[in-house]
Amino acid sequence: FQEHDETCLAGVARMSIRMGDIRRGVNQALKHPSRLLKKDCGAILESMKQFSEAAQLYEKGQYYDKAASVYIRCKNWAKVGELLPNVTSPKIHLQYAKAKEADGKYKDAALAFENAKDWDNVIRIYLDHLNNPEKAVAIVKETQSLEGAKMVARFFLRLGDYGSAIQFLVLSKCNNEAFQLAQQHNQMEIYADVIGSENTSNEDYQSIALYFEGEKKHFQAGKFFLLCGQHARALKHFLKCSSADENTAIEMAIKTVGEAKDELLTNQLIDYLMGESDGMPKDAQYLFRLYMALNQYREAARTAIIIAREEQSAGNYRTAHDVLFSMYMELKTQKIKIPAEMATNLMILHSYILVKIHVKRQDHMKGARMLIRVANNISKFPSHIVPILTSTVIECHRAGLKNSAFSFAAMLMRPEYRNKIDVKYKKKIEAMVRRPDTSEVEEESTACPFCDFKLPECDLLCPGCKNNLPYCIVTVSTANFIGP
């Protein structure tokens, strides 16, 4: 009969409270196992304005939001504070926060406002009472609160920190106030940096551009004219930049012309790069980038070949290789035929770059084959003729290619090279020439991937079908290439 008894006792508890015997009813409800009974009795007591007993029953029944709400009505803030970790209602957290703020307990108030997700009040407490602007700034950045950003801006304005004030005025969408503040206190660079990273209207960008134009700050003026789509004015300012900003300004000018796709502006920039305006031609790299920005890949390829040739002549072989390789891949992506000169130069430079790797791995045969190819095109390496020929002789000798070693040793004996040979190799090379050994390890053959004609594995032109052969990037030979 337990269930029957519990039902009867629940009825006794409710009726006792209704008839005014509150103590008996509350005790019966507290002892009873039913949570629902505690809720029902709490509601009856609340309607009778017996708040303390109602809150006690709600708490015992684990109805924490209701218990906290009733404790607030009877101003029992200590109990509210105890229950807060279990309370989910933002409204209750907010009520508690206001009470704590009124009592001057600002840390507790800030925490309660935070639990209530009332970020504006959290920011206000940190700024006005806890003097913790760092925390307020962090919350504004995290929550993107517009009102909070305004409060932070006002705080920094009172401190005279105009740069920070401008930043938070922009964050709070008060662009006009930020612009005026920047003008008044000569902080336009800060305003420009902040607004340049936001979703901003063309009118705002134009206002900044006109300001910098009036100050004759050409790079900044050009940058913001570009942002508001005024390409002609942007280019004019970029081309007026001082030598200190020249490299960055030219990059921005190329970007401007690439966006504009305007023939007049393109010709204007080309004239500038060729030195027509000031008699000082600029680095060919810029012309290459301009053609790439305009998707004029054939012109870019011709320029890339010229740049690579200049870098190669200066001994910058890795740079020349990278320029040609990037252009090669771009042309391939655009399905444009690769110029033969570009493909040949890239292959020779790639062979040169692989030499050190093969020699380090003690693969002297591959190192020698690469160096023979480079030495046969030695005019393309004018800065390092003697070192390359010396390395070729040494590697050929190590690989058993004695006849090749003799041929290049004899080349080194020419009057223009002889005195430049490293002293530690000079006698050995002279001995090779005086007592020539013409033995040569025969190069292995491999099948042409197009016609199966047998040819030496490092040859990249098939005598049978006249095709240029694809090569392995690791060995620059056809031996490791699979498939046409």
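Residues numbered from 1 in each chain as written. Predicted model: local features only at pLDDT ≥ 70, side-chain atom pairs only at ≥ 80, totals over all residues. Heavy atoms only, no water.

In the annotation of an unreviewed UniProt entry, the entry for the chain reads WD repeat-containing protein 19, and the organism field reads Aquarana catesbeiana.

Q: Before we go on, may I ask you to explain the overall build of the chain in this structure?
A: Scanning the chain from terminus to terminus reveals 28 helices and 2 strands. Oriented by its inertia axes, the alpha-carbon framework of the chain measures out at about 130 × 75 × 45 Å. Here the chain holds 484 residues, and the buried ones make up 43% of them. Sequence-distant contacts in the chain: of pairs separated by 6 or more residues, those separated by 24 or more amount to 41%. Summed over its atoms, the accessible surface of the chain is roughly 26,300 Å², and 49% of this surface lies on carbon and sulfur atoms. Here the chain carries 64 positive and 58 negative side-chain charges, and the mean point of each set is 4 Å from the other. (Helix = DSSP H or I, 4+ residues; strand = E, 2+ residues; numbered from the N terminus. Buried < 20%, exposed > 50% of the residue type's maximum accessible area, 1.4 Å probe, protein only. Contact = heavy atoms within 4.5 Å. Areas by Shrake-Rupley, 256 points an atom, 1.4 Å probe, with all protein chains shown as cover. Lys, Arg positive; Asp, Glu negative; His and termini not counted. Charge placed at Lys NZ, Arg CZ, Asp CG, Glu CD.)

Q: Which parts of the structure should I look at to understand the environment of Ala29?
A: Topologically, Ala29 is positioned in helix 2 (residues 22–31). Taking the C-alpha atoms as reference, Ala29 lies 88 Å from Arg361; in sequence the two are 332 residues apart. Those residues in contact with Ala29 that sit more than four places away from it in its chain are Ala13, Leu37, Lys38, Cys41 and Leu57.

Q: What is the right way to look at helix 12 (residues 162–171) in this model?
A: One turn of the α-helix equals 3.6 residues, which is why residues spaced by three or four share an orientation. Counted residue by residue, helix 12 has 8 buried out of 10 residues, so it is predominantly covered. Those residues of helix 12 lying buried are Gly163, Ser164, Ala165, Ile166, Phe168, Leu169, Val170 and Leu171. Against the buried residues of helix 12 lie helix 10 (133–143), helix 11 (146–159), helix 13 (175–184) and helix 14 (188–195). Phi turns positive, to about 70°, at Lys173, one or two residues after helix 12.

Q: Explain unusual backbone geometry here, please?
A: A negative phi angle characterises most non-glycine residues, just as the trans form characterises most peptide bonds. Within the chain, Lys216 stands out as a residue other than glycine whose phi angle is a positive 60°. Its location among the elements puts Lys216 in the loop between helix 15 (202–214) and helix 16 (218–227). By relative accessible area, which is 63% here, Lys216 ends up exposed.

Q: Would you mind showing me how to read the packing of helix 20 (residues 284–293) against helix 21 (residues 297–313) here?
A: The geometry of a pair of packed helices is captured by two quantities: the angle between their axes and the separation between those axes. At a minimum axis separation of 8 Å, helix 20 and helix 21 run at an interaxial angle of 160°. Classed by the angle they form, the pair helix 20 and helix 21 counts as roughly antiparallel. For helix 20 against helix 21, the interelement crossing comes out left-handed. When helix 20 is examined against helix 21, the residues Ala284, Gln285, Leu287, Phe288, Tyr291 and Met292 are found in contact with a partner set consisting of Tyr297, Glu299, Ala300, Thr303, Ala304, Ile307, Glu310 and Glu311. For the contact of helix 20 with helix 21, a count of residues per class yields 9 nonpolar, 2 polar and 3 charged. (Axes fitted to C-alpha atoms, helices over the stretch in contact; angles between N-to-C directions. Parallel < 35°, antiparallel > 145°, perpendicular 65-115°, else oblique. Left-handed = near helix turned anticlockwise from the far one by under 90°. Nonpolar A, V, L, I, M, F, W, Y, C, P; charged D, E, K, R; others polar.)

Q: Where do I start with the environment of Thr344 in this structure?
A: Tracing the chain through its elements places Thr344 in helix 23 (residues 340–360). You can call Thr344 partly exposed: its relative accessible area is 37%.

Q: Please explain the packing of helix 18 (residues 246–260) against helix 19 (residues 263–273) as it appears in this structure.
A: The N-to-C vectors of helix 18 and helix 19 enclose an angle of 155°; their axes lie 9 Å apart at closest approach. In terms of orientation, helix 18 lies roughly antiparallel with respect to helix 19. Judged by the sense of rotation from one axis to the other, the crossing of helix 18 with helix 19 is left-handed. In this structure, helix 18 uses Glu246, Ile250, Ala253, Ile254, Val257 and Ala260 to contact helix 19, whose residues at the interface are Leu265, Thr266, Leu269, Tyr272 and Leu273. Considering only residue class, the contact of helix 18 with helix 19 consists of 9 nonpolar, 1 polar and 1 charged.

Q: Just to check I follow, could you spell out helix 22 (residues 317–333) for this structure?
A: The first and last C-alpha atoms of helix 22 sit 24 Å apart over 17 residues, in line with the 24 Å expected at 1.5 Å per residue. Among the residues of helix 22, those classed as buried are Tyr317, Ala320, His321, Val323, Leu324, Met327 and Leu331. Within helix 22, the buried residues cover an arc of 165° as seen down the axis, which keeps them to one side. Looking at the packing, one finds that the buried side of helix 22 touches helix 20, helix 21 and helix 23. (Expected span 1.5 Å × (residues − 1). Arc of directions from axis to C-beta.)

Q: How should I be thinking about the pattern of salt bridges in this particular structure?
A: Two side chains carrying opposite charge are able to pair once their charged atoms lie near each other. Inspection of the entire model under this criterion finds 11 salt bridges. Linking Glu251 and Arg289 is a salt bridge whose minimum nitrogen-to-oxygen distance equals 2.2 Å. One end of the pair, Glu251, is in helix 18; the other, Arg289, is in helix 20, and 38 residues separate them in sequence. A residue is classified by how much of its surface remains accessible, and Glu251, at 32% relative accessible area, is partly exposed. The partly exposed category is assigned to Arg289, whose relative accessible area is 35%. Across the pair Arg369 and Glu443 runs a salt bridge whose closest N-O atoms are separated by 3.6 Å. (Salt bridge = Lys/Arg side-chain N within 4 Å of Asp/Glu carboxyl O.)

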